[in-house]
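Each chain, letter by letter, is given below.
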Amino acid sequence: MLADFLASTPLLSESWRLCNLATANSPQSFVVDQVGSIGYVAFSGTLFVSGSDPSFKNLVRLPVHDVAGNDLFVPLHDQNEGEEPVMVQGALLRIFENIYSDPSFQNQMSTLMQTSQSIIFTGHSIGGTAASLAALWLLSYLQSNSPNLSVLCITFGSPLLGNETLSRAILRERWGGKFCHVVSKYDLMPRILFAPLDPIAPLIKPLLQFWHLYMTSPHLGLLAVQRNDEYEAEIFQFVLVHLGRLVEAGEEAVTGVFRPFGNYFFCSEDGAICVDNVESVIKMMYLLLATGSPSYSIEDHLKYGDYVERISSQFLERKSSMEGELPESSYEAGVVLALQSSGIASQEPVAGRAKDCLKAARRMGRTPNLNCANLAIKLSRINPYRAEIEWYKALCDRSDDQMGYYDSFKRRGASKRDFKVNLNRHKLAQFWDNVIDLMESNQLPHDFHKHGKWVYSSQSYKLLVEPLDIAEYYRTGMHHSKGHYINHGRERRYQIFDRWWKNVRVEENKRSKFASLTQDTCFWAKVEEARGLLDDVGNTRDPSHSAFLWKNMDGFANYAKALVEAKEVSIDVVAKNSSYSLWLKDYNELKSQREQFRPQFSGFMNREIVP
């Protein structure tokens, strides 16, 4: 859909026009233009940072804030446990930071945001990475300021920007569809960072000089730089070999390397195809380059104007002929047409692999959503388990013993009802652990944890069931061998759900749906810790340690009081014989005794001693 949209509108041609304008008029900066309600920001293709590493090998952390302390890329730093930090190429980041710190950029962006309904960032070559970073900055800004402004980034022959964590973070924020990277069939620049470039670093600088001179002055570029066929062949072969190894290694080779993100719009003289699956993007990068030559790979970086013109005209013409026999199914016909549009002839050696790659892209793209749909079905099937626990809670809260939900489960007997509730607790835990396993093995959509259905379902589960887990932990005496629950016994799933809930937007983070449940799911663990403090303070003779224990108990008492007054606790918390009510009674009695004893002790200490 994105490909058809771009091909049928002037966005591609207008973006390319402004890229050329930026390169010609502002070789070290950008140009801004507005067409109707669409604002364009185009970055020059000849951007560079003085003294930067020509091999582009240095990955640095993407900053959270700018030098003034303002937010830059905050949403992208919401990482899963065990993930690498979000890293980007250092020299490319410095290019953006230099532009971002320019008051002219800030002023023009402020004006565009007020006068436009959509903003399109675009750039050719290295300018494409500046456009990507600018789009990521604005998307981060809009997330907490003005979500009504749409953003799109269109790059032409842009090198890779960051690592796999960046790619995942963009998918988690649902921003993948906002990036369209136009890549010509043989262009070396978008592929060059797939290889470790130290061995050919001396050859890269003259290559960049040729590209830059040609962009600004095509005739001078051909004359000023003497191209070396041997060097070009060496660079081409080096990148092709390493890209091929990466394709063969698959998922095993992703850590620490540059990684694509967004949609890739592969164009050739025969048309274009659009791919958004990362693994398929890398394979198509390799298969298309394998059909080229060293000279094509250098020259193709400069031909995007020709490709953009063809794409628009070919969309209107829509080829009616198809090579070879007509496929039996419309799906197969679509794959064949896509293969032709990529510029790979059916008789070429890589045609079979390219066809398989296109089929796999569609299959892999659908699998996470299908898994998500299957989980939704399973969620509906386990709802009766949760309903039975809710029914159990209601019975406990109305019981004559006035112990409440938590303490009734902690002191439960061997009844069939108690057994069934405990079994349901384990079944629900198994379901949610499976959800997390699927998510962390990339078998669910990357933005799964931002879907309201799953965020609220996991929060509802956590509020209802974690008190039972805490009760079981202290019932079985696990705190004696492992330590208190919060630091030593809490299941990882609850920590993950905490992060999901924390990242829900403020306006969506309402507790009314869970008003009958204690909002702090670790409340009962804190009660158990406070009970331990109360026991310890009665057994200690060390004044400093006693003061420390009282400070912690007073802190918890104030915290619990605030929750009760704000009605953020369930009815079982304030039940007459609940652990909290009994603790509060003992705490107040001991505190009263302490207050009565303190003046006598103080007078004794201040009394004058006569020899």
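Let me sum up the structure you'll find in this document.

Definitions and limits used
- Residues numbered from 1 in each chain as written.
- Predicted model: local features only at pLDDT ≥ 70, side-chain atom pairs only at ≥ 80, totals over all residues.
- Heavy atoms only, no water.
- Patch = residues over 30% accessible without salt bridge, like charges linked within 9 Å, V, L, I, M, F, W, Y side chains within 5 Å.
- Areas by Shrake-Rupley, 256 points an atom, 1.4 Å probe, with all protein chains shown as cover.
- Salt bridge = Lys/Arg side-chain N within 4 Å of Asp/Glu carboxyl O.
- Lys, Arg positive; Asp, Glu negative; His and termini not counted.
- Charge placed at Lys NZ, Arg CZ, Asp CG, Glu CD.
- Helix = DSSP H or I, 4+ residues; strand = E, 2+ residues; numbered from the N terminus.
- Buried < 20%, exposed > 50% of the residue type's maximum accessible area, 1.4 Å probe, protein only.
- Contact = heavy atoms within 4.5 Å.
- Pairing = 2+ DSSP bridges.
- Axes fitted to C-alpha atoms, helices over the stretch in contact; angles between N-to-C directions.
- Left-handed = near helix turned anticlockwise from the far one by under 90°.
- Nonpolar A, V, L, I, M, F, W, Y, C, P; charged D, E, K, R; others polar.
- Phe/Tyr/Trp six-rings, centres within 6.5 Å; stacked < 30°, edge-to-face > 60°.
- Lys NZ or Arg CZ within 6 Å of the ring centre and 35° of its normal.

### Thoughts on a negative patch on the surface
(1) Moving on: On the surface, a cluster of negative charge is made up of Glu 269, Asp 270, Asp 306 and Glu 309.
(2) Moving on: Position of Glu 269 among the secondary structure elements: in the loop between strand 10 (263-268) and strand 11 (271-275).

### Quick word on unusual backbone geometry
(1) Moving on: Unlike most non-glycine residues, Ser 125 shows phi in positive territory, near 60°.
(2) Moving on: Accessibility expressed as a relative area gives 1% for Ser 125, which makes it buried.

### Focus on the side chain of Ser 457
(1) Moving on: Relative to the helices and strands, Ser 457 resides in helix 17 (residues 452-475).
(2) Moving on: For Ser 457, a relative accessible area of 13% translates into the label buried.
(3) Moving on: Residues within four places of Ser 457 in sequence aside, it is in contact with Leu 379 and Trp 432.

### Let's talk about the sheet that holds strand 1 (residues 30-35)
(1) Moving on: Spatially, 1-2-5-6-8-10-11 is the arrangement adopted by the seven strands of the open sheet, whose pairing is mixed. One side of each edge strand has no neighbouring strand; the edge strands of this open sheet are strand 1 and strand 11. Each strand of the sheet is rotated relative to its neighbour by a mean of 20°, with strand direction disregarded.
(2) Moving on: Examined bridge by bridge, strand 1 and strand 2 (residues 38-43) share six bridges and lie antiparallel to one another. Residue pairing across strands places Phe 30 opposite Phe 43, the latter belonging to strand 2.

### Describing the packing of helix 16 (residues 416-440) against helix 20 (residues 492-502)
(1) Moving on: Taken N-terminus to C-terminus, the directions of helix 16 and helix 20 make an angle of 65°; their axes are 10 Å apart at the nearest point. The crossing of helix 16 and helix 20 is left-handed. Two secondary-structure elements touch here, helix 16 through Ala 429, Trp 432, Asp 433, Val 435, Ile 436, Met 439 and Glu 440 and helix 20 through Arg 492, Arg 493, Ile 496, Phe 497 and Trp 500.
(2) Moving on: Looking at the contact of helix 16 with helix 20 residue by residue, the classes come out as eight nonpolar, no polar and four charged.

### Some words on the packing of aromatic side chains
(1) Moving on: Scanning the entire structure with this criterion turns up 38 aromatic pairs.
(2) Moving on: Taken together, a centroid distance of 4.4 Å and an interplanar angle of 5° make the contact between Tyr 406 and Trp 524 stacked. With Tyr 406 in helix 15 (residues 404-410) and Trp 524 in helix 21 (residues 523-539), this pair connects stretches of sequence that are 118 residues apart.
(3) Moving on: Residue Tyr 406 is classed as buried on the basis of its relative accessible area of 1%.
(4) Moving on: Here the aromatic rings of Phe 431 and Trp 432 are separated by 5.2 Å at their centres, their planes lie at 80°, and the arrangement is edge-to-face.
(5) Moving on: Residue Phe 431 is classed as buried on the basis of its relative accessible area of 7%.
(6) Moving on: The ring of Trp 454 has Lys 453 lying over it, and the distance from NZ or CZ to the ring centre is 5.9 Å.

### Considering the environment of Phe 409
(1) Moving on: Locating Phe 409 in the fold gives a position in helix 15.
(2) Moving on: Sequence-wise, Phe 409 and Val 421 are 12 residues apart; in three dimensions their C-alpha atoms are separated by 8.9 Å.
(3) Moving on: In contact with Phe 409, not counting residues within four places along its chain, are Tyr 392, Val 421, Asn 422, Arg 425, Leu 468, Ala 471, Glu 472 and Arg 475.

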